[in-house]
Amino acid sequence: MSGYFATVPSPIGSLLLVSDGEALTAVEMEPHRPEIAGGARPDNGPLRAVIEQLEQYFAGERTDFDLPLRPHGTEFQQRVWQGLLTIPYGHTTSYGALALELGNPTGSRAVGLANGRNPIAVIVPCHRVIGADGSLTGYGGGLDRKRWLLSHEVTVLSKLGPTAGPVIPVGLW
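Values in this document were obtained by computation on a predicted structure and should not be read as measured data. (Residues numbered from 1 in each chain as written. Predicted model: local features only at pLDDT ≥ 70, side-chain atom pairs only at ≥ 80, totals over all residues. Heavy atoms only, no water.)

**Q** What exactly am I supposed to notice about the environment of Ser151 here?
**A** Relative to the elements of secondary structure, Ser151 occurs in helix 5 (residues 143-160). The spatial distance from the C-alpha of Ser151 to the C-alpha of Gly90 is 8.1 Å, given a sequence separation of 61 residues. (Helix = DSSP H or I, 4+ residues; strand = E, 2+ residues; numbered from the N terminus.)

**Q** Explain the packing of aromatic side chains to me, please; I cannot follow it from the model alone.
**A** The geometry of an aromatic ring pair is captured by the separation of the ring centres together with the interplanar angle, meaning the angle of the planes. In total, this model carries four aromatic pairs according to the counting rule given. Ring geometry for Tyr57 and Tyr89: centres 6.1 Å apart, planes at 85 degrees, overall edge-to-face. Of this pair, Tyr57 sits in helix 1 (residues 48-58) while Tyr89 sits in the loop between helix 2 (75-84) and strand 5 (93-94), and the two are 32 residues apart along the sequence. Like Tyr57, the residue Tyr89 is buried in the burial classification. Consider the rings of Phe58 and Trp148, whose centres lie 5.9 Å apart with planes at 50 degrees: the pair is tilted. Of this pair, Phe58 sits in helix 1 while Trp148 is found in helix 5, placing the two residues 90 residues apart along the sequence. On the accessibility criterion, Phe58 (13% relative accessible area) is buried. Chaining the aromatic ring pairs together yields one cluster made of Tyr57, Phe58, Phe65, Tyr89 and Trp148. (Phe/Tyr/Trp six-rings, centres within 6.5 Å; stacked < 30°, edge-to-face > 60°. Buried < 20%, exposed > 50% of the residue type's maximum accessible area, 1.4 Å probe, protein only.)

**Q** Just to check I follow, could you spell out the sheet that holds strand 3 (residues 24-29) for this structure?
**A** By definition, the strands of a sheet pair up through backbone hydrogen bonds, in either a parallel or an antiparallel sense. Spatial ordering of the open sheet is given by 3-2-1-4, a layout of four strands whose pairing is mixed. Looking at strand neighbours, the two that pair on one side only are strand 3 and strand 4 (41-42), the edges of this open sheet. Across five bridges, the pairing between strand 2 (residues 15-19) and strand 3 is antiparallel. Residue pairing for strand 3: Leu16 is matched across the bridge by Glu28. (Pairing = 2+ DSSP bridges.)

**Q** Explain unusual backbone geometry to me, please; I cannot follow it from the model alone.
**A** For residues other than glycine, phi is negative in most cases, and the peptide bonds are mostly trans. Cis peptide bonds are those with omega within 30 degrees of zero, and the linkage from Glu30 to Pro31 qualifies with 0 degrees. Structurally, the position occupied by Pro31 is in the loop between strand 3 and strand 4. Although it is not a glycine, Val122 sits at a positive phi angle of roughly 70 degrees. Assignment of secondary structure puts Val122 in the loop between helix 4 (108-116) and strand 6 (129-130). By relative accessible area, Val122 is classed as buried at 1%.

**Q** What is the right way to look at the side chain of Arg128 in this model?
**A** Residue placement: Arg128 occurs in the loop between helix 4 and strand 6. Residues in contact with Arg128, not counting those within four places in the same chain, are Ile87, Pro88, Tyr89, Gly90, His91, Thr92, Thr93, Leu150 and Glu153. (Contact = heavy atoms within 4.5 Å.)

**Q** For this particular structure, what's the right way to read the pattern of salt bridges?
**A** Where charged atoms from two side chains of opposite charge come close, those side chains can pair. Considering all chains together, one arrives at four salt bridges under this definition. Note that Arg70 is salt-bridged to Asp20, the shortest N-O span being 2.3 Å. Remark: Asp20 occurs in the loop between strand 2 and strand 3 and Arg70 occurs in the loop between helix 1 and helix 2; sequence separation between them is 50 residues. Judged by its relative accessible area of 35%, Arg70 is partly exposed. Through salt bridges with shared partners, one network takes in Asp20, Glu22 and Arg70. (Salt bridge = Lys/Arg side-chain N within 4 Å of Asp/Glu carboxyl O.)

Below, the structure written as C-alpha cells:
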C-alpha cells in the first residue's frame, strides 16, 4: 500500500488517518493497528481537509462530512457502509432496521459484523447503530467512545435549534 497517514488528537483519543493520496481509506481509533498504515508515509498534507473537518465536527461546527472516501471491503460491507452514511447526524437506527433497508430483513447479525469492520470511524457513522431495544451494543472503539459521540451529536443538534430538525431520543444509553 502506498499513501499517507497522520495521527491527530481528538476528544475520543488519538485518531490515525490513512489516505491513498486521493481518498480517505481509514480512520482508526487508538489503539491503532500498526499494519493499517503499512507502506504509507507520514504526511498530513494530503489529509488536511480530513483533519479540518474532524476538528470542526468535534468543535460542534460540522454535522456532515464532504470528503472522498475509499473504504476497502466486500460488496456487502460496502452496502452497509453506504447505509451508515444515510443515518442523520444525532439520530440512530438499529442493526435490524438497517438490514431491512438493505433488503435483508433477517440480516441484522451480518449488518453488525460489517458495521464492526467499518474502516472509517466517525466519518462513516457506525456509532449511530444501536440495539433494537435502544441500548448501546458493540463498538470497535469501545462503548464509552460510542456514548460520547452520540451525546456530542445530540448536544450539538439541541444547540442548533428547531431549524436542525427534531432531535430523536437515542434510547437507553
